[in-house]
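# A structural walkthrough
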Amino acid sequence: MRFLFALCFCLYSATSLADWKYQKSKDEMVGAIYSASTNSKNTLNFSFPYQGAQPTTLELRDHPRWGVSVILSVRRGQFNFSDDEDCGVLIKFDDDVNTWSCRLPMDGSHDTIFLGRKFEFISDAKKSKRLFIEASFYSEGTRVIEFDVSKLKWPLVERELEF
């Protein structure tokens, strides 16, 4: 019985990683912020001090002040880009591979990058089933991150959600 429960739990967890989470939050100064996020299908395993399996998160965000953003973040670890240079990642939608520009956030953190060509990215994601992103991580080299983007709905139709 325990084995069956563990098997069901593992299957549920794997399925839930591929789903998009849609959210509406409130910024007291400017109004509603809408986002869609999903975790990677694979996990990253880094060495000390960032050890432990962890998914990467892909988020689409529509903010009244900052506009639409495509954000890639890792919970523990650092993307290997300097503050004063443009960065680039390799992106593959299904079978189409391209270099994509990105930048670090204004707060100087290295656990998040903002992808350029955001409207092209969203358009390509909506037409694709799978997305692969190859990014460089500090002291870890390059890693390939896989996302299931087949269920993406954007722009959000959940704008009627209450806070």
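Right, let's walk through the structure included here. (Residues numbered from 1 in each chain as written. Predicted model: local features only at pLDDT ≥ 70, side-chain atom pairs only at ≥ 80, totals over all residues. Heavy atoms only, no water.)

## Looking at the overall build of the protein
Our working definition: Numbering of helices and strands runs from the N terminus; a helix is a DSSP stretch of H or I covering at least four residues, while a strand is a stretch of E covering at least two. Exposed residues in this analysis have more than 50% of their type's maximum accessible area, buried residues have under 20%, and partly exposed residues fall in between, with area computed by a 1.4 Å probe over protein chains only. Per-residue and other accessible areas were derived by the Shrake-Rupley procedure at a 1.4 Å probe size, with only the shown protein chains allowed to occlude residues.
Summing up its helical and strand segments, the protein has 2 helices and 9 strands in all. Ordered by position from N to C terminus, the α and β elements of the protein give α-β-β-β-β-β-β-β-α-β-β. Within the protein, buried positions represent 39% of all 163 residues. Summing over all exposed atoms, the protein offers an accessible surface of approximately 9800 Å²; the carbon and sulfur share of this is 54%.

## Here we look at the packing of aromatic side chains
To describe a pair of aromatic rings, one takes the distance between the centres and the angle between the planes. Filter applied, for reference: Within 6.5 Å between ring centres, the rings of Phe, Tyr and Trp (the latter by its six-membered ring) count as paired, and their orientation is classed by plane angle as stacked under 30 degrees, edge-to-face over 60, tilted in between.
If you walk through the whole model with that rule in mind, you get 5 aromatic pairs. Measuring from ring centre to ring centre gives 5.1 Å for Phe46 and Phe137, while their planes differ by 45 degrees; the resulting arrangement is tilted. Placement of the pair is Phe46 in strand β2 (residues 31-46) and Phe137 in strand β8 (residues 130-137), with a sequence separation of 91 residues. The same class applies to Phe46 as to Phe137, namely buried. Relative to Phe121, the ring of Phe93 lies with its centre 5.1 Å away and its plane at 65 degrees, an arrangement referred to as edge-to-face. Residue Phe93 is located in strand β5 (residues 87-93), and its partner Phe121 is located in helix α2 (residues 118-127); the two are separated by 28 residues in the primary sequence. Residue class for Phe93 comes out buried when judged on its relative accessible area of 5%. The class of Phe121 is buried, set by a relative accessible area of 0%.

## Notes on the pattern of salt bridges
Counted only if it meets this: Every case where a carboxyl oxygen of Asp or Glu lies within 4 Å of a side-chain nitrogen of Lys or Arg is listed as a salt bridge.
Under the defined criterion, the tally for this structure stands at 6 salt bridges. When the shortest N-O distance is used, the salt bridge between Asp124 and Lys127 registers 3.9 Å. Taken as a pair, Asp124 and Lys127 lie in helix α2 at a separation of 3 residues, close to a single helical turn. You can call Lys127 exposed: its relative accessible area is 63%. A network of salt bridges, in which partner residues are shared, links Lys41, Arg130 and Glu146.

## Observations concerning the state of the cysteines
Which entries qualify depends on this criterion: What counts as a disulfide here is a pair of cysteine sulfur atoms lying within 2.5 Å.
Counted according to the given criterion, the structure contains 1 disulfide. The residue that forms a disulfide with Cys87 is Cys102, at a sulfur-sulfur distance of 2.3 Å. Residue Cys87 is found in strand β5, and its partner Cys102 is found in strand β6 (residues 96-103); the two are separated by 15 residues along the sequence. Residue classification places Cys87 among the buried positions, given a relative accessible area of 6%.

## Focus on the layout of surface pockets
Quick reminder of the rule: A 1.4 Å probe that fits into a set of points on a 1 Å grid over the protein atoms alone but cannot get out defines a cavity; an open set with protein on both sides within 12 Å along at least five of seven lines defines a pocket, and lining residues are those with an atom within 4 Å of a point. Grid points are joined across faces, edges and corners, and a volume is the space filled by probe spheres set on the points. Side-chain classes follow a simple rule in which Ala, Val, Leu, Ile, Met, Phe, Trp, Tyr, Cys and Pro form the nonpolar group, Asp, Glu, Lys and Arg form the charged group, and the remainder, Gly included, forms the polar group.
By volume, the largest pocket amounts to about 300 Å³. Elements with a minimum of two residues in the lining of the largest pocket: β4 (67-74), β6 and β7 (112-115). Of the residues assigned to the lining of the largest pocket, the class counts are 8 nonpolar, 3 polar and 5 charged.

## Considerations on the sheet that holds β4
Heads up, the condition is: Pairing between strands is defined by DSSP: at least two bridges between them are needed. Lines fitted to the C-alpha atoms define the axes, with helices restricted to the stretch that makes contact. Angles between their N-to-C directions range from 0 to 180 degrees.
The antiparallel open sheet is built from 9 strands, whose spatial order is β1-β2-β3-β4-β7-β6-β5-β8-β9. Single-partner strands in this sheet number two, and they are β1 (21-27) and β9 (141-148). With strand direction ignored, the average angle separating the axes of adjacent strands in the sheet is 30 degrees.

## Comments concerning the pairing of β5
Alternating residues of β5 divide into Cys87, Val89, Ile91 and Phe93, all buried, and Gly88, Leu90 and Lys92, none buried. Both β5 and β6 contribute to a ladder of 7 bridges, which runs antiparallel. Pairing of Gly88 across the sheet is with Ser101, part of β6. Linkage of β5 to β6, two consecutive antiparallel strands, is achieved through a turn of 2 residues, within which Asp94 is found at a positive phi near 50 degrees.

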